[in-house]
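The residues making up each chain are set out below.
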Amino acid sequence: MSHDCTFCGTENQGVYDNASLCSKISNLNPCDPCKRLAELEIQIIKARETLLKMQREARRLKSEMNYNHDHLIHRFPPEISSDIFQLCIPHEMSSDSRRAPVTLSSVCQKWRQIAHTTPQLWTTVFLSVGQHSNLSVPRWAQEWIDRSGQLPLSIGLFIESEPNYYTVNRDVIAVINRCSSRWRDLIYRGPFYSLSYLVGDSQGASQLQTLKLHVYCYDSARQFKLGDFKPTPTTLEITKLDLKSVVIEWNNITHTQLRCISIDDCWELFRITPRMTHCRLKDIQQCHQDPFPNLHTPILHPALQVLELSLAYDICEIFHNNISLPALQSYTRVGDAEIVDTENLISFFFAILLLLADVGTFRPGARRCRSR
C-alpha cells in the first residue's frame with residue numbers, strides 16, 4: 001500500500017530505483033526518508049570504493065602467491081618459459097584458443113610479462129559478436145592482434161544474425177581488415193551482409209591457406225572479395241554461397257567441403273579445381289537462382305582421391321551419371337541405404353575401373369569404397 005510523504009506529498013512505495021528526491025519536485029526541505037537515503041547512498045559509494053580496493057589487493061596477493069609457489073617458470077630463461085607456454089595452445093581453433101593465453105597471463109605479473117612478449121600465443125584470434133557483446137570488443141581484438149607481432153594469423157569470426165550489433169560488427173571487421181595480409185586461416189560464420197565487409201587492407205598479397213565461409217542467408221548482390229588481390233587458399237569450406245560470390249584463385253584448391261549449393265556449382269567446382277584431392281558435398285540443390293550453365297558432357301577429374309557425398313537420391317543419380325574419377329581411392333555415400341540405386345552405383349564404379357585400366361593405374365585392393 002502506498003502512502004504520501006507528510007512533508008512534501010511525494011508518493012512513497014518503499015525502496016525502488018526511480019524514487020524522486022524532494023529537492024527535484026518541490027522547494028520544501030527534504031523529508032526524513034530523503035535525508036536518510038542521501039546519507040545511505042554516500043555510504044554505498046564509500047563501501048564500493050573500499051570493496052574495489054580490497055579486490056585489487058586480493059588480486060595482488062594472489063599474483064604474489066602464484067609467483068612464490070612457482071618453482072620453475074620464473075627460474076627459467078624467458079625463451080624457455082616462452083616455449084613452455086606455447087605448448088599450452090591448442091592446435092585447432094576453438095574457444096580454448098582464446099582462453100589459454102588469457103589464463104597464462106592471469107597467474108602472476110611474471111607470467112603476464114612472458115605471455116605478452118610471446119607473439120606465438122596470440123596468433124589465433126577467436127571473436128564472437130552477439131547479444132552480450134559491447135563496444136570494448138574491437139579494442140580487445142586490436143590489443144590481441146598487436147601482441148602477435150607480424151606472425152601469420154588464424155581468424156575466427158562468429159556473428160549472430162540479428163542486426164542490433166551493427167556498430168560492433170563494423171568496428172571488429174575494420175580491425176580484422178587492417179591485418180588481412182597476415183591472414184593464414186579465416187573462418188567466418190554469420191550473415192552475408194557482414195561477410196561482404198571483409199575486404200582486406202589492400203596493402204599486400206594475401207597468404208591465406210584455409211578459407212571457411214558459412215552464411216545464414218545468401219545475398220546474390222554481395223561478394224567475398226579482398227580488394228584487387230585474389231587469395232590462393234588450399235582448403236575451402238562454404239555454406240549457402242555461390243562459387244561466383246567467392247572471389248579467389250580456384251586452381252590451388254586441394255580440399256573442399258561444400259554445403260547447400262546448386263548442382264551446377266558442383267560441376268563448376270570440378271572444372272575449376274584441377275588439383276583438388278579431397279571433396280565433401282552435402283545438401284546439394286538441383287535448382288538455384290542464376291545458376292552456372294547446365295552440364296552437357298561428363299566431367300573427368302584426374303586428381304580427386306577422396307569423395308564423400310551426403311546428397312538426396314536424385315542428386316546422387318545425376319552425379320554418378322556425369323563424372324569420372326580415375327584417381328579415386330576412397331568413396332563414401334552418406335544416406336539411406338535402401339534408396340541407393342545399386343545398378344547406377346555399379347555403373348559409376350565400372351566406369352572408374354575402365355578409366356583406371358586405360359591409364360594403367362588400377363591396383364587391386366588399393367581402393368576403399370563404402371555406403372552408409
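It should be emphasised that the depicted structure is a prediction, and the values quoted were computed from it without experimental measurement.

Turning next to the overall build of the protein. Helix and strand content of the protein: eleven helices and 14 strands. Here the contacts in the protein between residues at least 6 apart in sequence split such that 62% fall between residues at least 24 apart. Accessible area for the protein stands at about 21300 Å²; split by element, carbon and sulfur atoms hold 53% of it.

Another aspect to go through is helix α9 (residues 263-272). Since the α-helix advances by 3.6 residues per turn, residues separated by three or four positions end up pointing in the same direction. In terms of burial, α9 is a largely internal element, eight of the ten residues being buried. Those residues of α9 lying buried are Ile263, Asp264, Asp265, Cys266, Trp267, Glu268, Leu269 and Phe270.

Looking now at the pairing of strand β5 (residues 183-190). Counting buried positions along β5 gives six out of eight residues, so the element sits mostly inside the fold. Pairing geometry for strand β4 (residues 153-159) and β5, over six bridges, is parallel. The partner of Phe158 across the bridge, within β5, is Arg189. Alignment of β5 against strand β6 (residues 210-215), held across six bridges, turns out to be parallel. Looking at the pairing, Gly190 lines up with Val215 of β6.

A few words on the packing of aromatic side chains. Evaluation of the coordinates by the stated rule reveals four aromatic pairs. Between Trp122 and Trp144, the aromatic rings sit 4.6 Å apart at their centres with planes inclined by 80°, giving edge-to-face as the arrangement. With Trp122 in the loop between α5 (109-116) and β3 (124-129) and Trp144 in helix α6 (residues 137-147), this residue pair connects regions lying 22 residues apart in the sequence. The two residues Trp122 and Trp144 agree in class, both being buried. With centroids separated by 5.1 Å and ring planes inclined at 50°, the aromatic side chains of Trp140 and Trp144 adopt a geometry described as tilted. Within this pair, Trp140 and its partner Trp144 are both found in helix α6, separated by four residues, close to a single helical turn. For Trp140, a relative accessible area of 29% corresponds to the partly exposed category. Here Trp144 falls in the buried class, since its relative accessible area comes to 1%. An aromatic cluster is defined as three or more aromatic residues linked by ring pairs; in this entry it consists of Trp122, Trp140 and Trp144.

Positive phi, normally seen in glycine, also occurs at Lys240, with a value near 60°. Mapped onto the elements, Lys240 comes out in the loop between β7 (235-239) and β8 (255-259). Its identity is not glycine, yet Asp283 carries a phi of approximately 50°, on the positive side. Within the secondary structure, Asp283 is located in the loop between β9 (278-282) and β10 (299-300). Note on Asp283: relative accessible area 32%, which makes it partly exposed.

Among the residues of helix α3 (residues 78-86), those classed as buried are Ser81, Ser82 and Phe85. Projected down its long axis, α3 shows its buried positions confined to an angular sector of 105°, all on one face.

Chain-level statistics for the protein give a pLDDT mean of 78 and a share of 72% at 70 or above. Per-element confidence in the protein is highest for β7, whose mean pLDDT is 95, and lowest for strand β14 (residues 368-371), whose mean pLDDT is 46. Low pLDDT (under 50) marks residues 1-10, which in the prediction has 19 contacts with non-local residues, meaning those over four places away or in another chain. Counting interchain partners and residues more than four positions distant, the pLDDT-below-50 stretch residues 337-342 has six contacts.

Attention now moves to the pairing of β6. In terms of residue burial, β6 counts as a mostly covered element, since five of its six residues are buried. For β6 and β7, the ladder comprises five bridges, and the chain directions are parallel. Residue pairing across strands places His214 opposite Thr239, the latter belonging to β7.

Let's shift gears to the environment of Glu92. Take Glu92: it is sitting in the loop between α3 and α4 (95-105). Residues Glu92 and Thr124, spaced 32 residues apart in sequence, show a C-alpha to C-alpha distance of 9.4 Å.

Looking at the secondary structure, you find Ser154 in strand β4. With a relative accessible area of 6%, Ser154 lands in the buried category. Among the polar contacts listed, one links the side chain of Ser154 to the side chain of Arg184, at a separation of 3.1 Å. Once you skip the residues sitting within four places of it in the chain, Ser154 turns out to touch Met93, Thr123, Thr124, Val125, Arg184 and Asp185.

Moving on: the side chain of Thr118. Considering the arrangement of structural elements, one finds Thr118 in the loop between α5 and β3. For Thr118, a relative accessible area of 1% puts it in the buried group.

This part takes up a positive patch on the surface. Side chains of Lys53, Arg56, Arg59 and Lys62 sit close together on the surface and give a patch of like positive charge. Mapped onto the elements of the fold, Lys62 is located in helix α2 (residues 32-69).

How each quantity is defined
Residues numbered from 1 in each chain as written. Predicted model: local features only at pLDDT ≥ 70, side-chain atom pairs only at ≥ 80, totals over all residues. Heavy atoms only, no water. Helix = DSSP H or I, 4+ residues; strand = E, 2+ residues; numbered from the N terminus. Contact = heavy atoms within 4.5 Å. Areas by Shrake-Rupley, 256 points an atom, 1.4 Å probe, with all protein chains shown as cover. Buried < 20%, exposed > 50% of the residue type's maximum accessible area, 1.4 Å probe, protein only. Pairing = 2+ DSSP bridges. Phe/Tyr/Trp six-rings, centres within 6.5 Å; stacked < 30°, edge-to-face > 60°. Arc of directions from axis to C-beta. pLDDT = per-residue confidence, 0-100. Polar contact = N/O pair within 3.5 Å; in protein donor to acceptor, adjacent residues only side chain to side chain. Patch = residues over 30% accessible without salt bridge, like charges linked within 9 Å, V, L, I, M, F, W, Y side chains within 5 Å. Salt bridge = Lys/Arg side-chain N within 4 Å of Asp/Glu carboxyl O. Lys, Arg positive; Asp, Glu negative; His and termini not counted. Charge placed at Lys NZ, Arg CZ, Asp CG, Glu CD.

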